Amino acid sequence: MSTNVGGSPQANGHTETKSWLQPKNYTMAGTHPESKILFLDVNILDSTGSEPYMGDVLIEGERITQVGTVPSRATLVNNPRVRVINGRGRTLMSGLGDAHTHMSWNGGDLEALGDLPVEEHTLLTARSAQCYLDSGYTMCFGGASAKERLDVVIRDAINAGDIPGPRSLANGKEMARRDGELCAGITAYADGPDEMREVIRHHVALGVDNIKLSMSGEEILENRSAEECFFTDEETAACVDEAHKHGKLVCAHARARDSVTMCVKHGVDVIFHASFIDDATMDMLEKVKDKHWVAPALAFPYGTLYDAAPFGYAQSKAEKVGYKRDLESSIKAMREMHKRGIRVLPGGDYGFAWTPHGTYARDLEHFVNLLGFTPMEAIISSTAGVADLFMRSHELGKIQPGYYADCILVDGNPLEDISILQDHDKLNVIIINGRVHKVSPQEYHPPPVAGQDGNRHVIVPNFPEVKKQWQKVDIATPFGQYDTEK
Ligand SMILES: [Zn+2]
């Protein structure tokens, strides 16, 4: 099976060649250094490209320390200070990643975001952060924040251990020219290279990790065509220069052909959408593929076409304004990029009415169904691939010794059915930075049952293993014999 998918950490010279752009390695507080978690009998999907295999996984403190065979297994199981989770063959894999996150989007009316007071908006953003983690996401690359400090404040609160959420790289407001914004209330306006540089310096001073350029229009606006580019070469070059000078990655909303060409020509690191890329730019992009990531964010055009009718936006209308054309063009382009080994990453544009928060893992299904990724390739690009975008391939996105313990225990095999990752009930255990975010008491290794430890446990715990044991005893032993065991 090919491991050369979006992310291909092996084939990426990026971390070396652009090391000054390495985003800050934020640490997360709140994990006890002595904490030990042992997963027994899990199907290990490690994101290296190897087929999954059965084994045990030990987490000590913030990191995974043993994978496959855990040497002191028996001792650890009997150590009451170790939290032991019976995998029963379920899949243990890395937490997922999203390459184009809008934590501050409200899942509805984007225009209303501009008027939402900052206090309510902060709460809303904190709720989305938790929703990402609840959905099995442990890495989020900020794709624009509706108010300039929301992403930054939420990132810092997550890292301080104050609120639950994924590892995240924060963005500021998206920057647009005064004649080319997508949504007025959430835009930082700038015209010309000088004003754009100033906006970037302002965002850098606020503590962002990424800079967002809003270069092309969008079909739904009708008056701002997705095929029109509003930035000039001079402006794009200036933005990349200014952001890189401060060590920040640049990402861009770029559907129009000319906007994609400018991104490649001037070195915009992360290209969102790239719907109408032409052949010449595709060739150019292939030559510098280690310098770019592409995140198509298919959820929005797909959702606008097929899921928006209940919200009053008819499919015929979506086709008329151009979403069918956009989606078809994107699919063709992404398939070609995948074939050429260009890094294509899932995630994106969740938080609109028909791409609600919590449905993020639909992106992996889109990658399989629309782009022809194998489920393994889709999972690798969403785990190791997004870790590569964080430039932390050596410690995030895989189930390997030494990696940060960001992992999910999935009830089922996502390689057989990629859509199970969308079912929160099947995400039985969620761990970030070695800290348990989600688990039910049933997951832990069962205590002894009544009669086996001097009747300290007066009820039989509702664990599958124990029930089986109890049933056997019950059938084989005459009633009353328990008394004699005291
Ligand atoms: Zn977006």
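Residues numbered from 1 in each chain as written. Predicted model: local features only at pLDDT ≥ 70, side-chain atom pairs only at ≥ 80, totals over all residues. Heavy atoms only, no water.

Taking an unreviewed UniProt entry as the reference, the protein is identified by name as Isoaspartyl dipeptidase-like protein belonging to Heliocybe sulcata.

### Regarding the overall build of the protein
Scanning the protein from terminus to terminus reveals 16 helices and 17 strands. Within the protein, buried positions represent 57% of all 486 residues. In the protein, the proportion of contacts linking residues at least 24 apart, taken out of those at least 6 apart, comes to 70%. Just so you have it, the protein exposes about 19,100 Å², and 51% of that area is on carbon and sulfur atoms. (Helix = DSSP H or I, 4+ residues; strand = E, 2+ residues; numbered from the N terminus. Buried < 20%, exposed > 50% of the residue type's maximum accessible area, 1.4 Å probe, protein only. Contact = heavy atoms within 4.5 Å. Areas by Shrake-Rupley, 256 points an atom, 1.4 Å probe, with all protein chains shown as cover.)

### Looking at the side chain of Ser216
Of note, Ser216 is situated in the loop between strand E11 (210-214) and helix H7 (233-245). In terms of polar contacts, Ser216 uses its side chain to reach the backbone amide nitrogen of Arg255, at 2.9 Å. Every residue in contact with Ser216, bar those within four places of it in the chain, is listed here: Leu182, Ala226, Glu228, Cys229, Phe230, His253, Ala254, Arg255, Ala256 and Ser259. (Polar contact = N/O pair within 3.5 Å; in protein donor to acceptor, adjacent residues only side chain to side chain.)

### Overview of empty space enclosed by the protein
Here the structure, examined in full by the defined rule, presents two cavities of 30 Å³ or more. Lining the largest cavity, in full, are Lys24, Tyr26, Asn159, Arg167, Ser168, Leu169, Phe390 and Arg392. In terms of residues, the lining of the largest cavity owes the most to one element, strand E8 (residues 167-169), which gives three residues. Grouping the amino acids of the lining of the largest cavity by side-chain chemistry returns three nonpolar, two polar and three charged. Of the domains in this structure, domain 1 (10-95 + 383-445) and domain 2 (97-373) are the two that each give at least three residues to the lining of the largest cavity. Size it by volume and the second largest cavity reaches roughly 50 Å³. What lines the second largest cavity is simply Thr101, Met103, Cys140, Phe141, Gly142, Asp151, Arg155, Ser168, Leu169 and Ala170. Elements that contribute at least two residues to the lining of the second largest cavity include exactly strand E7 (137-142), helix H5 (150-159) and E8. Per element, the largest residue contribution to the lining of the second largest cavity is three residues, and it comes from E7. Residue composition of the lining of the second largest cavity, grouped by class: five nonpolar, three polar and two charged. (1 Å grid on protein atoms, 1.4 Å probe; cavity = no way out; pocket = protein on both sides within 12 Å on 5 of 7 lines; lining within 4 Å. Points joined across faces, edges and corners; volume = space filled by probe spheres on them. Nonpolar A, V, L, I, M, F, W, Y, C, P; charged D, E, K, R; others polar. Domains from an automatic or database assignment.)

### Notes on the nonpolar core
Counting 95 residues, the largest nonpolar core has Leu213, Met337, Leu364 and Leu421 as its most contacted members. A per-element tally of this core places helix H12 (residues 323-339) first, with six residues. Domain assignment of the residues forming this core places at least three in each of domain 1 (10-95 + 383-445) and domain 2 (97-373). In this structure, Met337 is in contact with Ala274, Ile277, Met282, Leu285, Val294, Ile342 and Val344, ignoring residues within four places of it in sequence. Residues Ala99, Trp293, Leu345 and Tyr404 belong to the second largest nonpolar core, which totals 20 residues. (Core = buried A, V, L, I, M, F, W, Y, C linked by side-chain atoms within 4.5 Å.)

### Let's talk about the packing of helix H6 (residues 192-206) against H7
Packing of H6 against H7 brings their axes to within 9 Å, and their N-to-C directions diverge by 30°. Considering their axes alone, H6 and H7 lie roughly parallel with respect to each other. The hand of the H6/H7 crossing is right-handed. Residues Gly192, Pro193, Met196, Arg197, Ile200 and Arg201 of H6 touch H7, and the partners they reach there are Glu234, Glu235, Ala238, Cys239, Asp241, Glu242, Ala243 and Lys245. Partitioned by chemical class, the residues of the contact of H6 with H7 number six nonpolar, one polar and seven charged. (Axes fitted to C-alpha atoms, helices over the stretch in contact; angles between N-to-C directions. Parallel < 35°, antiparallel > 145°, perpendicular 65-115°, else oblique. Left-handed = near helix turned anticlockwise from the far one by under 90°.)

### Here we look at the coordination of the zinc ion
For the zinc ion, the full set of protein donor atoms is His100 (NE2), His102 (NE2) and Asp349 (OD), at a range of 2.1 to 2.2 Å. Counting the intervening residues between successive donors of the zinc ion yields the motif H-x1-H-x246-D. In this pair, the class of His100 matches that of His102, namely buried. (Donors = N, O, S within 2.8 Å, 3.2 Å for Na, K, Ca; no water.)

### Examining the confidence of the model for the protein
On average, the protein scores 90 in pLDDT, and the residues at 70 or more come to 88%. Between residues 1-17, whose pLDDT stays under 50, and residues either more than four places distant or in other chains, the model counts 42 contacts. Residue range residues 474-486 is modelled with pLDDT below 50. Its contacts to residues more than four positions away, or to other chains, number four contacts. (pLDDT = per-residue confidence, 0-100.)

### Details of the packing of aromatic side chains
Under the definition given, this model contains twelve aromatic pairs. Aromatic rings pair up to connect Trp105, Phe300, Phe311, Tyr313, Tyr323, Phe352 and Trp354 into one cluster. A cation over a ring is seen here: Arg167 above Tyr404, with NZ or CZ 4.6 Å from the ring centre. (Phe/Tyr/Trp six-rings, centres within 6.5 Å; stacked < 30°, edge-to-face > 60°. Lys NZ or Arg CZ within 6 Å of the ring centre and 35° of its normal.)

### Overview of the state of the cysteines
With the rule as written, the count across this model stands at zero disulfides. As a non-bridged cysteine, Cys229 has Cys263 as the owner of its nearest cysteine sulfur, 8.1 Å distant. (Disulfide = S-S within 2.5 Å.)

### Brief notes about the pairing of strand E15 (residues 407-410)
Of the two faces of E15, the one holding Cys407 and Leu409 and the one holding Ile408 and Val410 are both buried throughout. Two elements, strand E5 (residues 91-94) and E15, share four bridges in a ladder whose sense is antiparallel. Looking at E15, one finds that Ser94 is bridged to Cys407. Both E15 and strand E16 (residues 427-432) contribute to a ladder of four bridges, which runs antiparallel. Bridging across to E16, Ile408 finds its partner in Ile430. (Pairing = 2+ DSSP bridges.)

### Observations regarding the pattern of salt bridges
The final tally for this structure, using the stated rule, is 34 salt bridges. Between Glu174 and Lys212 there is a salt bridge, with its nearest N and O atoms 3.0 Å apart. Of this pair, Glu174 sits in strand E9 (residues 174-176) while Lys212 sits in strand E11, and the two are 38 residues apart along the sequence. Comparing Glu174 with Lys212 shows no difference in burial state: the two are buried. Arg340 is paired through a salt bridge with Glu336; the nearest N and O atoms lie 2.8 Å apart. Under the relative-accessibility criterion, Glu336 is labelled partly exposed at 25%. Sharing partners across several salt bridges, the network here consists of Arg177, Arg178, Asp179, Asp191, Glu195 and Glu235. (Salt bridge = Lys/Arg side-chain N within 4 Å of Asp/Glu carboxyl O.)

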